[in-house]
Amino acid sequence: MEALLCRKLGDPTVSLEDNSSPIIISKNHPIPQLKSPTDVRVRIKATSLNFANYLQILGKYQEKPTLPFISGSDFSGYVDSVGPKVSNFKVGDPVCSFAALGSFAEFIVVDQNQLFRVPEGCDLVATGALAVASGTSHVALVHRAQLSSGQVLLVLGAAGGVGLAAVQIGKACGAVVIAVARGSEKVQLLKSLGVDHVVDLTIENVTQSVKEFLKTRKLKGVDVLYDPVGGKLNRESLKLLNWGANILIIGFASGEIPVIPVNIALVKNWTVHGLYWGSYKIHRPRVLEDSLKELLSWLSKGLISIHISHSYRLSEANLAFSAIRDRKAIGKVMIVFDEKSTRSKL
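Residues numbered from 1 in each chain as written. Predicted model: local features only at pLDDT ≥ 70, side-chain atom pairs only at ≥ 80, totals over all residues. Heavy atoms only, no water.

**Some remarks on the overall build of the protein chain**
Then step 1. A tally of regular secondary structure across the protein chain gives 11 helices and 17 strands.
Then step 2. The C-alpha radius of gyration computed for the protein chain amounts to 20 Å, which stays within 12% of the reference 20 Å derived for 346 residues, consistent with globular compactness.
Then step 3. Referenced to the eigenvectors of the C-alpha coordinate spread, the extents of the protein chain come out at roughly 60 × 45 × 35 Å.
Then step 4. Residues counted as buried form 55% of the 346 residues belonging to the protein chain.
Then step 5. Taking as baseline every contact in the protein chain between residues at least 6 positions apart, the subset at least 24 positions apart corresponds to 69%.
Then step 6. Counting every atom, the protein chain has about 15500 Å² of accessible surface; 51% of that belongs to carbon and sulfur.
Then step 7. For the protein chain, the centre of its 39 positive side-chain charges and the centre of its 29 negative side-chain charges are spaced 5 Å apart. (Helix = DSSP H or I, 4+ residues; strand = E, 2+ residues; numbered from the N terminus. Rg over C-alpha atoms; globule rule 2.2 N^0.38 Å. Buried < 20%, exposed > 50% of the residue type's maximum accessible area, 1.4 Å probe, protein only. Contact = heavy atoms within 4.5 Å. Areas by Shrake-Rupley, 256 points an atom, 1.4 Å probe, with all protein chains shown as cover. Lys, Arg positive; Asp, Glu negative; His and termini not counted. Charge placed at Lys NZ, Arg CZ, Asp CG, Glu CD.)

**Details of the sheet that holds strand β10 (residues 176-181)**
Then step 1. Here we have six strands laid out as an open sheet, ordered β11-β10-β9-β12-β13-β14, and parallel in their pairing. At either margin of the open sheet sits one strand with a lone partner, and together these are β11 (197-200) and β14 (271-274). Geometrically, the sheet is characterised by an average inter-axis angle of 15° between neighbouring strands, direction not taken into account.
Then step 2. Across five bridges, the pairing between strand β12 (residues 222-227) and strand β13 (residues 241-249) is parallel. Bridge pairing in β13 places Tyr 226 opposite Leu 248.
Then step 3. Contacting β9 (152-155), β12, β13 and β14, helix α3 (residues 130-144) crosses the sheet at an angle of about 155° to β12. (Pairing = 2+ DSSP bridges. Axes fitted to C-alpha atoms, helices over the stretch in contact; angles between N-to-C directions.)

**Structural notes on the packing of aromatic side chains**
Aromatic ring pairs are described here by two measures, namely the spacing of the ring centres and the angle between the planes.
Then step 1. The tally for this structure, following the rule as stated, stands at five aromatic pairs.
Then step 2. Seen in terms of ring centroids, Tyr 54 and Phe 321 are 6.5 Å apart; in terms of plane orientation they differ by 35°. Their pairing is tilted. One end of the pair, Tyr 54, is in helix α1 (residues 51-58); the other, Phe 321, is in helix α11 (residues 317-325), with 267 residues separating them in the sequence.
Then step 3. Using a relative accessible area of 0% as the deciding quantity, one classes Phe 321 as buried.
Then step 4. Here the aromatic residues Phe 51, Tyr 54, Phe 104 and Phe 321 are joined through ring pairs into a cluster of three or more.
Then step 5. Stacked on the ring of Phe 107, the Lys or Arg Arg 41 has its end atom at 5.9 Å from the ring centre. (Phe/Tyr/Trp six-rings, centres within 6.5 Å; stacked < 30°, edge-to-face > 60°. Lys NZ or Arg CZ within 6 Å of the ring centre and 35° of its normal.)

**Comments concerning the pattern of salt bridges**
Then step 1. With the rule as written, the count across this model stands at 13 salt bridges.
Then step 2. Between Glu 256 and Arg 235 there is a salt bridge, and its shortest N-O distance comes to 2.7 Å. In this pair, Glu 256 sits in the loop between β13 and α8 (262-267) while Arg 235 sits in helix α7 (residues 231-238), placing the two residues 21 residues apart along the sequence.
Then step 3. By relative accessible area, Arg 235 is classed as partly exposed at 39%. (Salt bridge = Lys/Arg side-chain N within 4 Å of Asp/Glu carboxyl O.)

In structure tokens, the structure reads:
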């Protein structure tokens, strides 16, 4: 099978034809075999790139797998083979899931308890991008912050994969959603999703823009801050928070880790949540299972959608990573198997 093999740590945006590239296409990589009676082998249709995958190959992620390794996490596809004790799936079933490693390949093996059947009517390619981005936002907003109807949600980096998921989940929960993004194209997409107010950082100051909006709606402040960006934007956003607000720390796309003044957190009774979604698989797997089941239900009912920005072949993985690094993506970047690739928006 074909697999994207990380042979050394480095910049995955370097051309695969360059000997300095840390990633190579292994064209005859061994197909993974079933090892347990409840194992299922999936022929992967689509797998998404997440910022964490980029950091992992750079060697800057908190988890550092042993070299060489196949990166990749969330995926969708069809059941290719089942173990003798598999009762939940049969060959040909459309499924989706996530793994710690291994989805940047044509096949992957997982236990049946880690697979989710894709509901009828759902786009199979799109569900390959559901688990990590939407799962992160769902666990953060619903499980941790317990976002409720009428609360004000402020989403930073709102046009990225987790950001778009957060604004849609916020609307599904009945929240007043404020989104922060950069550029008119991203702003228009966010408005089309029903976001209540969008701040365009190319022409507006986030504090001033949000305060004016809150005043027009007679709202006191922000109840939940969703932050995958960090840096200066985090510091600005703290000025907008209500007493008793929840702060969700998702990541640091800006490259700067912010410092939250704990004396103000004390006075204002803020709750700061660190959200590392992947660790739930070890410590609270049932939370992830329930979360993904609800997300698939919402997806099938049209309450949320997956916006695919760019789609690439496995051999174009460096271009896919470039789209992530350069923040060209509005939504998700995908690697799709057995489909004609396009370097432009779908």
